[in-house]
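# Observations on the model geometry
For reference, the chains in residue letters:
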Amino acid sequence: MHPEFGPHIAPHRRRPVAWYAPPVLWSAARKLLAAQQFAEQLDRRDTFPPDLRPVDLSADASDGEPFWFDFVSDTGDGGDATFAVAQALLAPSTAGTQALDEDGRPLPEGRLLVLGGDLAYPGSGRLDYQYRFIEPFEQAQAWARSLGASRWRCEPDAAPGRTDKLLLAIPQNHDWAVSCSAFCRYFVSHHSGAVIAARTPQRQTWFAARLPQGWWLLGLDFALEADLDRNQYEGFLALLQQGLGVGSNVVLVYPEPYWTRPLGDGAPNGYPKRYQRLEARLLAAGARIRLRLAGDLHHYAHDQLQLPDGSDSHLVVAGHGGAFSHATHTVETRRPKHIRQVLGEGDSELARHLEVGLARNAEEAALPAFAPGLRYPRPLRTRRAAWTAWTGLFRFRSSGWGRPWRERLHELWESNLGLLPLLGGLIGVLTWFAYGIHPQPLTTLVPSPTAVLPAAAVLAACTAAIWEPLAPWRSLGVGLGHGAAQLAAAFTLTVACFGAFNPWLAWPLFVAAAGATSALLLGGALALACGVLNLAGNACSGLIASEQHKGFLRLRIGADGALTVFALGLDRVPARRELPPAGEPLPPRWRVLERFRLKR
């Protein structure tokens, strides 16, 4: 059953993706595996034009006015969250809110909107984009126009000019789950204004923009390979002959925060990844990497490093544009990020590269480290929220009770509750293999040799759900304990149900009880892993599925050449059960979480 489309659908009716619903699990896994196989045989990035033409915005601040632009990522889930962020992005300014600059003035809308990927979930197909990204942004734009005319024109049929609204975007893994086809339809080599009628000048799934005052903005595309392809790498290197060099300040927009992984990012010895080589080549050419920016993790996290030349470099994760909120107290977010410049022998391009990531041993822990800054939501808040995961599979947000029973059942199946009968059935199959249940005395319930393989599969699956390579022993302990608890619960229910009831009655009772019990055990294991041991942040956060603590970045290049980053946040997202009337002000609780300045 397809969801209802149209500009009249209120944000609250666009329910968040239920990541544990059987149809979502099946669809996401199937599409992602198919896209992975396709990428291994034919990388679609090879089909794009090899030459990279930068979008030149360097003259936009020639009259002395600041140049403003926005960054938002991971917008494509949760109608209320996506609409709230789109409202703030497209409003003429943040007037009437707590989001003010140093002088107490509202922050104006940016001419350039940079999208960091994952624009729709779970599979980013054509219908997903329309339902979860295009329509909410169009609704927000219609509301924003009722507040007054924006200074940026959104008229794709008009001649290009300095008053156009511009969009630049990179895809993430969910965009690539359908080989990036929907993403390319909206952003690559199309100037039809399909997204809020803005211009989309890029010709590849990656981009380069020359900004005022010697700033450069480079958007990279990893596809599903966690690295650049050859054409993309050579295209960025060609910019070194087009003004990107000595005196340039660079902002790198990544599809994922690779610095939350161990140093080296899994590259084989002697063959560093292309993005690592690109960073080294930029530094060798005299450019300075001032800001590495990414989404993918649905929170805000900022780290800063003071460089030997007196400047500073920053790491920012800002994937809080929609969808659920990721925990900020987990291992990959809490641990310090280290930097290492590798200078090998010879003149080969493989000889030099730059690594940023987490230390794996004492030697790497002695390397220069970024100082941790603000985390949003606060780690204490996300730790407390993790403890609510034990009831996560039982949460259900209805679209309305006055509907036919078949639609209600379908809605339940597509919620997290739909996993309960599936879990019960799987445990029933496991129990059948283990004990060979049939109407005989209880003393026959002795595990058979066929139980070994299913039991091992349960232990492996439970361990994989909580596995964290940065803390292997803790992950293994919780995973095996979770698996043992699931097996013990299955045995107890087998004894209780089949020892007391007729098999025809025992089976449905067993499936219902097994589904509920396994769901509570899964939630409890994730609550323990995330709430106490700082593990399994993605699995736990997806189960909680909080739509609160949303935001985006608004950036300003001033007349003095400094780049100021304003991190905007909204602690509590309004539940929009109907579209806001024309002229209704922006929610006043928008505020500046933090502000930091990068001198030229």
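Structure: above.
Scope of this entry: the structure provided in the associated data block. (Residues numbered from 1 in each chain as written. Predicted model: local features only at pLDDT ≥ 70, side-chain atom pairs only at ≥ 80, totals over all residues. Heavy atoms only, no water.)

## Here we look at the environment of Tyr-258
By secondary structure assignment, the location of Tyr-258 is in the loop between strand S7 (249–254) and helix H6 (274–284). We classify Tyr-258 as buried; its relative accessible area is 1%. A C-alpha to C-alpha distance of 9.9 Å links Tyr-258 and Arg-292, two positions 34 residues apart in sequence. Sequence-distant contacts of Tyr-258, that is, excluding residues within four places in its chain, are made with Asp-265, Tyr-275, Glu-279, Arg-292 and Val-356. (Helix = DSSP H or I, 4+ residues; strand = E, 2+ residues; numbered from the N terminus. Buried < 20%, exposed > 50% of the residue type's maximum accessible area, 1.4 Å probe, protein only. Contact = heavy atoms within 4.5 Å.)

## Comments concerning the pattern of salt bridges
Scanning the model with the defined rule gives 24 salt bridges in all. Its salt-bridge partner being Arg-261, residue Glu-256 comes within 2.9 Å of it at the nearest N-O pair. Overall, Arg-261 belongs to the partly exposed group, its relative accessible area being 25%. In this structure, Glu-355 engages Arg-340 in a salt bridge whose closest nitrogen and oxygen atoms are separated by 2.7 Å. Placement of the pair is Glu-355 in strand S12 (residues 352–358) and Arg-340 in strand S11 (residues 337–343), with a sequence separation of 15 residues. Relative accessible area serves as the criterion here: at 8%, Glu-355 is assigned to the buried category. Residues joined by salt bridges that share partners form a network here, namely Glu-256, Arg-261, Asp-265 and Lys-273. (Salt bridge = Lys/Arg side-chain N within 4 Å of Asp/Glu carboxyl O.)

## Notes on the state of the cysteines
Counted by the stated rule, this structure contains 0 disulfides. Free cysteine: Cys-184, not disulfide-bonded; nearest cysteine sulfur from Cys-180 at 4.4 Å. There is no disulfide at Cys-497, and the cysteine sulfur nearest it, in Cys-462, is 20 Å away. (Disulfide = S-S within 2.5 Å.)

## Here we look at the environment of Pro-588
Its location among the elements puts Pro-588 in the loop between strand S15 (563–570) and strand S16 (591–598). In this structure Pro-588 comes out as partly exposed when scored by relative accessible area, which is 49%. Sequence separation between Pro-588 and Arg-381 is 207 residues; the distance between their C-alpha atoms is 22 Å. For Pro-588, the residues in contact, after removing those within four places along its chain, are Gly-96, Thr-97 and Gln-98.

## Observations concerning the packing of aromatic side chains
Tallying each qualifying case throughout the model produces 16 aromatic pairs. Pairing Tyr-129 with Tyr-186 gives two aromatic rings, centres 5.6 Å apart and planes at 10°, and the pair type is stacked. In this pair, Tyr-129 is assigned in helix H3 (residues 126–145) and Tyr-186 in helix H4 (residues 181–187), connecting sequence segments 57 residues apart. Pair check on accessibility: Tyr-129 and Tyr-186 agree, each one buried. Aromatic ring contacts, followed pair by pair, group Tyr-129, Phe-133, Phe-137, Phe-183, Tyr-186 and Phe-187 into a single cluster. Of note, Arg-277 hangs over the ring of Tyr-233, and the distance from its end group to the ring centre comes to 5.6 Å. (Phe/Tyr/Trp six-rings, centres within 6.5 Å; stacked < 30°, edge-to-face > 60°. Lys NZ or Arg CZ within 6 Å of the ring centre and 35° of its normal.)

## A short note on the nonpolar core
Core analysis: the biggest nonpolar cluster contains 80 residues, and Phe-187 and Leu-218 have the highest contact counts within it. One finds Ala-21, Ala-519, Leu-535 and Ala-539 within the second-largest nonpolar core, a separate group that totals 35 residues. (Core = buried A, V, L, I, M, F, W, Y, C linked by side-chain atoms within 4.5 Å.)

## Notes on the sheet that holds strand S13 (residues 371–376)
Paired through backbone hydrogen bonds, the strands of a sheet run either parallel or antiparallel to each other. Judged by pairing direction, the sheet is mixed, and its 8 strands sit side by side in the order S1-S5-S6-S7-S8-S10-S9-S13 without closing on themselves. Here the strands that pair on one side only, and so sit at the sheet edges, are strand S1 (55–56) and S13. Two strands pair when backbone bridges link them, and strand S5 (residues 207–210) and strand S6 (residues 215–219) are joined in this way by 4 bridges, in the antiparallel orientation. Following the sheet pairing, Arg-210 is matched in S6 by Trp-216. (Pairing = 2+ DSSP bridges.)

## Focus: the sheet that holds S15
What the 6 strands build is an open sheet, ordered S4-S3-S2-S14-S15-S16; its pairing is mixed. This sheet does not close on itself; its edge strands, each paired only once, are strand S4 (166–169) and S16. Direction aside, the axes of adjacent strands within the sheet are offset by 20° on average. Packed onto the sheet, helix H2 (residues 79–90) meets strand S2 (67–72), strand S3 (112–115), strand S14 (550–557) and S15 and runs at close to 20° relative to S14. (Axes fitted to C-alpha atoms, helices over the stretch in contact; angles between N-to-C directions.)

## A short note on the environment of Leu-307
By secondary structure assignment, the location of Leu-307 is in the loop between strand S9 (300–306) and strand S10 (312–318). Each C-alpha atom of the pair Leu-307 and Ala-485 lies 50 Å from the other, and the pair is 178 residues apart in sequence. Sequence-distant contacts of Leu-307, defined by excluding residues within four places in its chain, comprise Asp-312 and Ser-313.

## Quick word on unusual backbone geometry
In this chain, Tyr-121 is followed by Pro-122 through a cis amide linkage whose omega measures -5°. Secondary-structure assignment places Pro-122 in the loop between S3 and H3. Of note, the amide linkage connecting Tyr-376 to Pro-377 takes the cis form, showing an omega dihedral of 0°. Here Pro-377 shows up in the loop between S13 and helix H9 (379–386). The phi torsion at Gln-213 lies on the positive side, around 60°, for a residue other than glycine. Position of Gln-213 among the secondary structure elements: in the loop between S5 and S6. By relative accessible area, Gln-213 is classed as partly exposed at 23%.

## Let's talk about the packing of H2 against H3
For the pair H2 and H3, interaxial distance at closest approach is 8 Å and the crossing angle is 45°. Compared by their axis directions, H2 and H3 come out oblique. The two elements H2 and H3 cross, and the hand of that crossing is right-handed. Between H2 and H3, the residues in contact are Thr-82, Phe-83, Ala-86, Gln-87, Leu-89 and Leu-90 and Arg-132, Pro-136, Phe-137, Gln-139, Ala-140, Gln-141, Trp-143 and Ala-144, respectively. When its residues are assigned to classes, the contact of H2 with H3 shows 9 nonpolar, 4 polar and 1 charged. (Parallel < 35°, antiparallel > 145°, perpendicular 65-115°, else oblique. Left-handed = near helix turned anticlockwise from the far one by under 90°. Nonpolar A, V, L, I, M, F, W, Y, C, P; charged D, E, K, R; others polar.)

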